[in-house]
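# A structural walkthrough
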Amino acid sequence: MIRERFEHDLMAVQQDLMELCDLSIHSLQESFKAFLKKDIDLALQVIDTDPKINRLEEIINDRVILLIAKQQPVATDLRRLIVVIKAASDMERIGDHAVNIAKESIRIGKVPFVTSVEPIEEMFHKTILMLRQIVDAFIEENTTKAKEIANLDDEVDELTGNTLSNLMKLSVSNEHVAQVTSLSYVCRCIERAADHATNIAEHLFYLVKGKHYELNN
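Below you will find a few notes about this structure. If you're wondering where the values come from, they're calculated on a predicted model, not measured in any experiment.

### Focus on the overall build of the chain
Within the chain one finds six helices and zero strands. When the elements of the chain are put in sequence order from the N terminus, they spell out α-α-α-α-α-α. Its C-alpha atoms give the chain a radius of gyration of 19 Å, within 12% of the compact-globule value 17 Å for 217 residues. C-alpha atoms of the chain, sized along the principal axes, occupy 65 × 35 × 20 Å. Partitioning the intrachain contacts of the chain with sequence separation of at least 6 by distance along the chain shows that 83% fall at a separation of at least 24. Counting only carbon and sulfur atoms, one obtains 52% of the accessible surface of the chain, whose full area is about 11,000 Å². Side chains of the chain carry 25 positive and 36 negative charges; the gap between the two charge centres is 2 Å.

The structure is reproduced here in structure tokens:
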């Protein structure tokens, strides 16, 4: 009965994590949509959703701590609970980056972009692909899929470097410096979201293999 109760509670907290993943990824998508469409109302909605994401992470942390205290799990069970907390933290941070993109969208306002944002769009789509893939890999405990995420992260990093370099050239003109600063920050937020996907992939390796691996080196 004790084991059955533990497995029931573990499944519940893993479901909470999946809900957090859905919320954070959706928030990131909505924030970027607001950025592209210059939709201030949508950007504000993203900001308003953030407390819900934060609260869900807190609930996950509290439930995991209670499970550890009550059940004193060992080996794989303990690793699983630790990984849930770490993955929840990464997903909450993705929600924060969504908020940051929304805020930059509001700062830019309705003013036309001073340069093409297609490279930023490409970064974003690769990052969303990474996030969806790590959620699938996490559910399946599939380390092969998790390893593929590191390769996508390298592509995002390269795109970020090239895009920021081009934006720096634009910033020479004082009339564009404010928007270029915002565009650069949006790039950084997307890159960091991709990094969090890689972090979760590393957590999955720890869960399955029992060892720590650095996938983005």
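What follows picks up the thread again.
### Looking at the environment of I68
Structurally, the position occupied by I68 is in helix 2 (residues 40-71). On a C-alpha basis, the gap between I68 and I47 in space is 33 Å, while along the polypeptide they are 21 residues apart. Residue contacts for I68: discarding those within four places in its chain leaves P73, L78 and L81.

### A word on empty space enclosed by the protein
A complete count under the given rule lists one cavity of 30 Å³ or more for this structure. In this model, the largest cavity occupies a volume close to 30 Å³. For the largest cavity, the full set of lining residues is L17, M18, C21, A87, I134, V135, F138 and I200. Among the secondary structure elements, those contributing two or more residues to the lining of the largest cavity are helix 1 (2-37) and helix 4 (118-140).

### What about helix 5 (residues 143-170)?
If you check helix 5, its first and last C-alpha atoms are 41 Å apart, about what 28 residues at 1.5 Å a residue would give, namely 40 Å. Taken together, the buried positions of helix 5 are occupied by T143, A146, I149, A150, L152, D153, V156, L159, T160, T163, L164 and L167. On its buried side, helix 5 packs onto helix 4 and helix 6 (177-209). Among the residues of helix 5, the N-terminal cap falls to N142, whose side-chain oxygen and the backbone nitrogen of T144 are separated by 2.9 Å.

### Focus: the side chain of S105
Position of S105 relative to the elements: it lies in helix 3 (residues 75-108). Assessed through its relative accessible area of 3%, S105 is described here as buried. Non-local contacts of S105, meaning those with residues more than four positions away in its chain, are made with S31, A34, F35 and I40.

### Considering the packing of helix 2 against helix 3
Following both chains from N to C, one finds helix 2 and helix 3 inclined at 165 degrees, their axes separated by 9 Å at the closest point. Accordingly, the angle class assigned to the pair helix 2 and helix 3 is roughly antiparallel. The two elements helix 2 and helix 3 meet at a crossing, and its hand is left-handed. Within the contact of helix 2 with helix 3, the residues separate by chemical class into 19 nonpolar, five polar and five charged.

### Describing unusual backbone geometry
In the Ramachandran plot, Q72 falls in the positive-phi region, its phi being about 45 degrees despite a non-glycine side chain. When its relative accessible area of 65% is taken as the criterion, Q72 is described as exposed.

### Some remarks on the nonpolar core
Within the largest apolar cluster, 67 residues are counted, with the highest numbers of intra-cluster contacts made by L17, L28, F35, I60, M91, I120 and I134. Of all the elements, helix 6 adds the most residues to this core, at 15 residues. With residues up to four places along the chain from it excluded, the contact list for L28 reads I94, A98, I101, F124, T127, I128, L131 and A193.

Conventions adopted
Residues numbered from 1 in each chain as written. Predicted model: local features only at pLDDT ≥ 70, side-chain atom pairs only at ≥ 80, totals over all residues. Heavy atoms only, no water. Helix = DSSP H or I, 4+ residues; strand = E, 2+ residues; numbered from the N terminus. Rg over C-alpha atoms; globule rule 2.2 N^0.38 Å. Contact = heavy atoms within 4.5 Å. Areas by Shrake-Rupley, 256 points an atom, 1.4 Å probe, with all protein chains shown as cover. Lys, Arg positive; Asp, Glu negative; His and termini not counted. Charge placed at Lys NZ, Arg CZ, Asp CG, Glu CD. 1 Å grid on protein atoms, 1.4 Å probe; cavity = no way out; pocket = protein on both sides within 12 Å on 5 of 7 lines; lining within 4 Å. Points joined across faces, edges and corners; volume = space filled by probe spheres on them. Expected span 1.5 Å × (residues − 1). Buried < 20%, exposed > 50% of the residue type's maximum accessible area, 1.4 Å probe, protein only. Polar contact = N/O pair within 3.5 Å; in protein donor to acceptor, adjacent residues only side chain to side chain. Axes fitted to C-alpha atoms, helices over the stretch in contact; angles between N-to-C directions. Parallel < 35°, antiparallel > 145°, perpendicular 65-115°, else oblique. Left-handed = near helix turned anticlockwise from the far one by under 90°. Nonpolar A, V, L, I, M, F, W, Y, C, P; charged D, E, K, R; others polar. Core = buried A, V, L, I, M, F, W, Y, C linked by side-chain atoms within 4.5 Å.

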